[in-house]
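What follows is the residue order along each chain.
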Amino acid sequence: MSVSSNTQLKRSVRVPFWAQILIGLALGVLLGWIARSQDLSWLVTTLEKVGGTFVGLLKLAVAPLVFFAILVSITNLRKVNNAARLASRTLLWFMVTSLIAVAIGLAIGLLTNPGAGTGLDPADGSLPEKTGSWIDFLTGIVPTDVITPFTELNVLQIVFMAAVAGIAALQLGERAQPILTLSESVLELLQKALWWVIRLAPLGTVGLIGNAIATYGWNLIGKYATFTVDIYVGCLIVLFGVYPALLATVAKVGPVQFFKGAWPAIQLAFVSRSSVGTMPLTQKVTERLGVPKEYASFAVPFGATTKMDGCAAIYPAIAAIFVAQIFDVPLGVGDYLLIAFVSVVGSAATAGLTGATVMLTLTLSTLGLPMEGVGLLLAIDPILDMIRTATNVAGQALVPVVVSAREGLLDRDKYNAVHASPVDETPEPQDTHPVPAAA
């Protein structure tokens, strides 16, 4: 058999990345159930270590990745016609989709009363370690030094420094080109390293899902059944109702093709619970959906740190109603409008990291609800964060597609031809012939 035939055979029997993730999910559920039912502490520890190591590897590159991605994305706008228009349209659609998501969250919360009949009371709550307020949010954007944001992984401050550096580079013009070249090279290096970590996602899935089942089981979910279902239903309505409707009516493209192209990033987000950790894959699938690379390299990093329909819209809306019902605090129309305002303006507080505690505390403090309510939700948070992050990442890929289509920039042939997962693609062979020297 020839070498080329062997290569074709290997490609034909390779398990697609999405299938690897599903296998990891099923295996994780099985191992988690076995560990919990048989009280196998060694298996619980193993699952915890495997999942924790995977998330740790993702987080390892978060700080430098965010800095260089934002810096490069801002400077890349100079290569795009009507850059200011594209940036404003992107921000506008971020806000529009957030408003739709928070409205859905509020409607579900009001219809289902998630805090009723749970058996929980205010004494079950506890103050969170970290809280958020508008003063903290506004003053916390500006760092006191350039080192601490990286050591403490304060993504919001890293975004601020990167934005300042990117704008300064644009002002300097050609004199900043050496720095930009270095930044682009470092970003490519980080994305390459993170790509290797992404290939480990099926293994990480086994650990993360298995540990969640072994640690929490189904008893905990019982107390939060309505609340958990509300979050999942809200996110699924946005994912498979709102987003397809926007694609069909606003972008005028096929929704099925979008999910076919974006599904690998959505899957990884569900497992990793990190928008920033998923960012390289999100950008890759966005480009494969026909969005110009120069625009995608701006919109996706921008979205990964500010576009949070799951964590910053659906979740805080339903959670606020839940906490208000547990603490018997009535909410009025003005309070619901405040929730919508916080969701749109304060979403950057989530900053693409695992969890949405800061966003929730920001919402509760704005409404004057007890911060102890956060403690009621911390135990169930990892289970909720999976679907929230998947919704976040889907939105981060959707908006560039919608804006590109509206502005006539979307490569529709490329969009309609998208098929395989980018993780499964074999890199093009490198040209080993030397390039002739210029005369």
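Parameters at a glance
- Residues numbered from 1 in each chain as written.
- Predicted model: local features only at pLDDT ≥ 70, side-chain atom pairs only at ≥ 80, totals over all residues.
- Heavy atoms only, no water.
- UniProt positions renumbered as here; feature names shortened; annotations may be inferred.
- Helix = DSSP H or I, 4+ residues; strand = E, 2+ residues; numbered from the N terminus.
- Buried < 20%, exposed > 50% of the residue type's maximum accessible area, 1.4 Å probe, protein only.
- Contact = heavy atoms within 4.5 Å.
- Areas by Shrake-Rupley, 256 points an atom, 1.4 Å probe, with all protein chains shown as cover.
- Phe/Tyr/Trp six-rings, centres within 6.5 Å; stacked < 30°, edge-to-face > 60°.
- Salt bridge = Lys/Arg side-chain N within 4 Å of Asp/Glu carboxyl O.
- Core = buried A, V, L, I, M, F, W, Y, C linked by side-chain atoms within 4.5 Å.

Going by an unreviewed UniProt entry, the protein chain carries the name Dicarboxylate/amino acid:cation symporter and comes from Streptomyces werraensis. Of the comments in the UniProt record for the protein chain, the one headed Subcellular location (unreviewed entry) reads "Cell membrane".

*Asks:* How should I be thinking about the overall build of the protein chain in this particular structure?
*Replies:* In terms of helices and strands, the protein chain carries 21 helices and 0 strands. In the protein chain, buried positions account for 52% of the 439 residues. Taking as baseline every contact in the protein chain between residues at least 6 positions apart, the subset at least 24 positions apart corresponds to 85%. For the protein chain, the accessible surface area stands at approximately 19,700 Å², while carbon and sulfur atoms represent 64% of it.

*Asks:* Hey, could you run me through the packing of aromatic side chains in this one?
*Replies:* Each aromatic ring pair is summarised here by two numbers: the centre-to-centre distance and the angle between the ring planes. Across all of its chains, the model carries 9 aromatic pairs by this definition. Following the ring pairs from residue to residue traces out a cluster consisting of F240, F258, F259 and W263.

*Asks:* For this particular structure, what's the right way to read the pattern of salt bridges?
*Replies:* Side chains that carry opposite charge are capable of pairing whenever their charged atoms lie near each other. Taken as a whole and judged by the stated rule, the model has 6 salt bridges. Note that D309 is salt-bridged to K307, the shortest N-O span being 2.8 Å. The same class applies to D309 and to K307, which are both buried. Between R388 and D381 there is a salt bridge, and its shortest N-O distance comes to 3.1 Å. Here R388 matches D381 in class, with each residue buried. What you see here is one network of salt bridges that share partners, running through R273, D381, D385 and R388.

*Asks:* Would you take a moment to explain the environment of A103 for this structure?
*Replies:* Mapped onto the elements of the fold, A103 is located in helix 5 (residues 83-112). Judged by relative accessible area, which is 42%, A103 ranks as partly exposed. Expressed as a C-alpha distance, the spacing of A103 and G234, which sit 131 residues apart in the sequence, is 9.9 Å.

*Asks:* Just to check I follow, could you spell out the environment of P114 for this structure?
*Replies:* Within the secondary structure, P114 is located in the loop between helix 5 and helix 6 (134-139). Taking the relative accessible area as the measure of exposure, P114 reaches 1% and is therefore buried. Taking the C-alpha atoms as reference points, P114 and T226, 112 residues apart in sequence, are found 5.2 Å from one another. Those residues in contact with P114, other than ones at most four positions away along the chain, are G109, T226, F227, D230, I318, I321, F322 and Q325.

*Asks:* Honestly, the nonpolar core in this entry has me stumped. Any pointers?
*Replies:* One recurring pattern in soluble globular proteins: nonpolar side chains tend to sit buried together. Counting residues in each nonpolar core, the largest one holds 75 residues, and the members touching the most others are F227, F258 and L377. Contact partners of F258, with chain neighbours within four places excluded, come to L247, L289, A394, A397, L398, V401 and Y415. Counting 48 residues, the second-largest nonpolar core is a separate cluster that includes V159, A162, A201 and V285.

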